[in-house]
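Structural features, examined
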Amino acid sequence: MKRYLSVLVLGLFLALGCGLKAISYSYEAVCAGVGTPGNYLVKISTYGKSLGKAKEKFRSHAVHAILFKGVSGSGATGTTCNGKKPVCNVSYEENRTWFDNFFASGDYLKYVSYNNGGYISSDDRIKTADGNYKVSTVLVISLDALRKRMEKEGFARTLSKGF
Ligand SMILES: *[C@@H]1O[C@H](CO)[C@@H](O)[C@H](O)[C@H]1NC(C)=O
Ligand SMILES: *[C@@H]1O[C@H](CO)[C@@H](O)[C@H](O)[C@H]1NC(C)=O
């Protein structure tokens, strides 16, 4: 049964993967302050046809940002993630199968959590001109753990000591 399920899931996943080639990770990620050592506090903004759809993307898109895009500065001094480069030295496309699975399996959830329980202030839920929603919240990224994982998989530059 378990085996059957995983084959089913894999099949579904492959089918989705082909259909979803065009899916874009559309988001904004801005450094949101000083996290505890080894962590980033990131304000992530995502888009969706409904509030719920937009909120579903918070955690995966934040991890995507840290891995492939980097985080823009907030301008605040002392923030740990201002202007940091992406963790990965490979692109999502180069190792698409691995990263598809990393996100689809929920593996990535080990490296991200809500700050303030995912609170969204009224200023942070915006209905855009095209009728979609843009919502933002602050997340905590376990940067050190995520970086170690990517190094282990061979997807990240190994940084010299003192980072
Ligand atoms: C990642 O992609 C590279 C280049 O295509 C390949 O050599 C490597 O085996 C891939 N790694 C994984 C874990 O899929
Ligand atoms: C990424 O960095 C690791 C560690 O330095 C290295 O082994 C790997 O070849 C690099 N991959 C690419 C595509 O540059």
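The model shown is predicted, which means the values in this text are computed figures rather than measured ones. The residue count restarts for each chain, going from 1 along the sequence in the order it is written. Throughout, the order in which chains and ligands are written sets their labels, letters from A for the former and numbers from 1 for the latter. Under the rules for a predicted model, residues below a pLDDT of 70 receive no local features and side-chain atom pairs below 80 are neither given nor counted, while totals for whole chains, interfaces and linings still include all residues. As a rule here, side-chain values cover all heavy atoms of the structure and leave hydrogens and water aside.

Turning our attention to the overall build of the chain. Comment: elements are numbered from the N terminus, with helices defined as DSSP H or I runs of at least four residues and strands as E runs of at least two. Helix and strand counts for the chain come out as five helices and five strands. Its helices and strands taken in sequence order, the chain reads α-β-β-α-α-α-β-β-β-α from the N to the C terminus. A 1.4 Å probe rolled over the protein chains alone gives each residue an accessible area, and that area as a share of the maximum for its type sets the label: buried under 20%, exposed over 50%, partly exposed in between. Across the 163 residues of the chain, 36% fall into the buried class. In the chain, once contacts between residues fewer than 6 apart in sequence are set aside, the share between residues at least 24 apart is 65%. Carbon and sulfur atoms form 56% of the exposed surface of the chain, whose accessible area is close to 9600 Å². A contact between two residues is defined here by any heavy atoms of the two lying within 4.5 Å. Accessible surface area values rest on a Shrake-Rupley calculation with a 1.4 Å probe, where residue burial reflects the displayed protein chains alone.

What follows covers the site of ligand 1. Proximity is defined per residue: if any heavy atom of the residue lies within 4 Å of a molecule or strand, that residue is considered near it. Around ligand 1, a shell composed of Glu-94, Asn-95, Trp-98 and Phe-155 is seen. Between ligand 1 and the protein, one listed contact pairs an oxygen atom with a backbone N or O atom of Glu-94 at 3.5 Å. Contacts to ligand 1 include Asn-95, whose side-chain N or O atom sits 2.4 Å from an oxygen atom. Calculation on ligand 1 without its partners gives an accessible area of 360 Å², and the protein chains cover 34% of this total. Here a polar contact means two N or O atoms within 3.5 Å. Within protein one must be a hydrogen donor candidate and the other an acceptor candidate, and residues neighboring in sequence count only if both atoms are side-chain atoms.

As a structural note, the neighbourhood of ligand 2 is formed by Asn-89, Val-90, Ala-156, Arg-157 and Thr-158. At a separation of 2.4 Å, an oxygen atom of ligand 2 approaches a polar side-chain atom of Asn-89. Considering ligand 2 on its own, with 360 Å² of exposed area, one finds that the protein chains cover 44% of that surface. Class assignment of the residues belonging to the shell around ligand 2 gives a composition of two nonpolar, two polar and one charged. In this classification, Asp, Glu, Lys and Arg are treated as charged, Ala, Val, Leu, Ile, Met, Phe, Trp, Tyr, Cys and Pro as nonpolar, and every other residue, Gly included, as polar.

Let's shift gears to the packing of helix H3 (residues 58-69) against helix H4 (residues 96-104). Each axis is a line fitted through C-alpha atoms, and for a helix only the stretch in contact is used; angles between axes span 0 to 180 degrees, taken between their N-to-C directions. The contact between H3 and H4 brings their axes to 11 Å, and the two run at 145 degrees. In this structure, the crossing between H3 and H4 has a hand that is right-handed. Within the contact between the two elements, H3 uses Ser-60, Val-63, His-64, Leu-67 and Phe-68 and H4 uses Phe-99, Phe-102 and Phe-103. Here the residues of the contact of H3 with H4 sort into six nonpolar, two polar and no charged. The hand of a helix crossing depends on one turn: near helix anticlockwise from the far one by less than a right angle means left-handed, and clockwise means right-handed.

Attention now goes to the packing of aromatic side chains. Put simply, two rings from Phe, Tyr or Trp (the six-membered ring, in Trp's case) pair if the centres are within 6.5 Å, and we call them stacked under 30 degrees between planes, edge-to-face over 60, tilted for the rest. One pass over the structure, following the stated rule, counts 13 aromatic pairs. Here Phe-68 and Phe-99 contribute two aromatic rings whose centre-to-centre distance is 4.9 Å and whose plane-to-plane angle is 80 degrees, an arrangement assigned as edge-to-face. In this pair, Phe-68 is assigned in helix H3 and Phe-99 in helix H4, connecting sequence segments 31 residues apart. Taking the relative accessible area as the measure of exposure, Phe-99 reaches 0% and is therefore buried. Look at Trp-98 and Phe-155: their rings are 5.0 Å apart centre to centre, the planes differ by 75 degrees, and that puts the pair in the edge-to-face class.

Residue placement: Lys-57 occurs in the loop between helix H2 (51-56) and H3. A relative accessible area of 28% places Lys-57 in the partly exposed class. Along the sequence, Lys-57 and Thr-46 sit eleven residues apart, while their C-alpha atoms lie 6.4 Å from each other.

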